Amino acid sequence: MTQQDIRPPAQASAHVTLATPEPARRPLISYVLPVYNEQDGIAAFHTELTAALDARPDLAAELVYVNDGSSDGSLAILQGLAQKDDRVRVIDFARNFGHQIAITAGLDIATGDAVIVMDTDLQDPPRVSLELVDAWRDGAEIVHARRRSRQDTAFKRTTAHMFYRLLRSWTDVDIPVDTGDFRLLDRRVADELRRYRERSRFVRGIVASMGYRQKEISFDRDERFAGETKYPLRKMARLAIDGVTSFSTTPLKLITRLGFVVLLLSLAGIVYALGMKFFRPDITVSGWTMLMVVVLFLGGTQMLSLGVLGSYIGRIYSEAQRRPLYLVREVIGADEDGRDGRRGV
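This structure is a prediction, so every number in the text was calculated from the model and none was measured. (Residues numbered from 1 in each chain as written. Predicted model: local features only at pLDDT ≥ 70, side-chain atom pairs only at ≥ 80, totals over all residues. Heavy atoms only, no water.)

From N to C terminus, the protein includes eleven helices and eight strands. When each of the 345 residues of the protein is scored for burial, the buried share is 42%. Taking as baseline every contact in the protein between residues at least 6 positions apart, the subset at least 24 positions apart corresponds to 80%. Accessible area of the protein: about 19400 Å², with a carbon and sulfur share of 58%. (Helix = DSSP H or I, 4+ residues; strand = E, 2+ residues; numbered from the N terminus. Buried < 20%, exposed > 50% of the residue type's maximum accessible area, 1.4 Å probe, protein only. Contact = heavy atoms within 4.5 Å. Areas by Shrake-Rupley, 256 points an atom, 1.4 Å probe, with all protein chains shown as cover.)

Here it is, written out as structure tokens:
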């Protein structure tokens with residue numbers, strides 16, 4: 001049959017109505033954005049993020065800011081953003097629950113086809129998040145943003161470098177090195193991640209342990225736009241402990257190895273003491289120094305061992321309490337489905 005055979009008659013063309021194809025649905029990208037005392041930088045971050053999104057009309061966006069009990073004017077600024085931008089939702093915690101819990105709350109409420117987690121201090125450039133989206137659309141289900149360089153102090157760069165490599169060597173989980181919590185998760189991955197409800201959370205380790213198709217995008221981390229870091233040495237050490245104890249029993253194994261080392265040293269000390277007793281009885285009193293060294297060494301080893309055991313027992317205690325991970329005072333800009341998140345989860 002030729003093309004002329006299937007064309008409608010010319011006189012009937014006026015009565016034929018051609019169906020207009022519906023426009024393709026734009027993927028919805030949810031941004032989970034923890035905020036803690038960032039009043040000096042939130043507006044600048046929001047401006048830069050929306051500018052990056054405006055350059056991609058092929059994407060729809062949902063911006064979930066999580067106010068983690070800020071004591072400055074961060075909440076008022078977020079409320080203003082929610083009034084001006086209908087893409088903004090604000091989760092206001094009843095108190096400070098910590099960065100990892102804030103990420104969890106944002107994931108609980110995000111509805112996008114993909115979810116991007118990033119901080120609001122502009123160290124993670126918003127434009128890079130679009131590179132994560134492109135990698136996701138190419139088939140990746142988890143996209144990590146890996147820091148090619150970072151504008152931090154030499155001490156922080158050194159400790160971070162050592163921590164990631166030590167953690168990777170101690171665990172069976174292949175945790176990407178030089179990556180923070182800046183990453184993209186496919187909807188399926190985000191839903192699965194919501195099932196992980198442990199209290200001492202190390203989100204980047206949990207995500208790495210989940211499998212799926214993972215990819216890395218390298219970027220250069222910028223300086224903090226304003227304010228001070230919300231991860232001082234104390235919090236970094238706590239996060240490191242959570243990471244190690246969440247995905248590794250190596251500290252417990254090290255106690256056993258340390259016990260063997262102490263046993264060998266004790267045997268050597270016994271041999272030395274007996275030798276001095278039989279061969280140099282005239283200076284036996286001098287062994288008091290060695291005795292004190294051995295006693296103090298054993299006491300320190302025992303205290304260290306108890307501390308490691310206490311860390312694991314403390315985690316068991318916290319999980320057994322089964323208290324809510326967080327409590328929400330208010331959700332601003334809630335959807336019409338009524339999910340206001342006021343109950344603890």
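What follows deals with helix α3 (residues 74-84). Residues of α3 that are buried include every one of Ser 74, Leu 78, Leu 81 and Ala 82, and no others. Taken around the axis of α3, the buried residues stretch over an arc of 100°, which confines them to a single face. For α3, the exposed residues set more than 90 degrees away from the buried face come down to Ala 76, Gln 83 and Lys 84. (Arc of directions from axis to C-beta.)

Before going further, it helps to spend a moment on the packing of aromatic side chains. Tallying each qualifying case throughout the model produces two aromatic pairs. Taking 5.3 Å as the distance between ring centres and 85° as the angle between the ring planes, the aromatic pair formed by Phe 93 and Phe 97 counts as edge-to-face. Residue classification places Phe 97 among the buried positions, given a relative accessible area of 16%. Ring geometry for Phe 182 versus Phe 219: centroids 5.6 Å apart, planes at 85°, classification edge-to-face. (Phe/Tyr/Trp six-rings, centres within 6.5 Å; stacked < 30°, edge-to-face > 60°.)

This part is about the nonpolar core. Grouped together as the largest cluster of nonpolar side chains are 36 residues, with contacts concentrated most on Tyr 31, Leu 63 and Tyr 65. Discounting residues that sit within four places of it in the chain, Tyr 31 has contacts with Leu 49, Leu 53, Glu 62, Leu 63, Val 64, Ile 116, Met 118, Ser 129 and Leu 130. Counting residues in each nonpolar core, the second largest holds 15 residues, with Val 32, Ile 103, Ala 190 and Leu 193 among its members. (Core = buried A, V, L, I, M, F, W, Y, C linked by side-chain atoms within 4.5 Å.)

This part is about the pairing of strand β4 (residues 114-117). Burial along β4 is two-sided: Ala 114 and Ile 116 facing one way and Val 115 and Val 117 facing the other are all buried. When strand β1 (residues 28-35) meets β4, the two strands line up parallel, connected through four bridges. Note that in β4 the partner of Ser 30 across the bridge is Val 115. Note: β4 against strand β6 (residues 179-186), four bridges, orientation antiparallel. Paired with Ala 114 across the bridge in β6 is Asp 186. (Pairing = 2+ DSSP bridges.)

Here the focus is the packing of helix α2 (residues 42-54) against helix α5 (residues 126-137). When two helices pack together, their arrangement is captured by the angle between the axes and the distance separating the axes. Across the interface, α2 lies against α5 with an axial gap of 8 Å and an inter-helix angle of 40°. The angle between α2 and α5 places the two elements in the oblique class. α2 and α5 meet at a crossing whose hand is right-handed. Facing Phe 45, Glu 48, Leu 49, Ala 52 and Leu 53 of α2, the residues of α5 in contact are Pro 126, Arg 127 and Leu 130. (Axes fitted to C-alpha atoms, helices over the stretch in contact; angles between N-to-C directions. Parallel < 35°, antiparallel > 145°, perpendicular 65-115°, else oblique. Left-handed = near helix turned anticlockwise from the far one by under 90°.)

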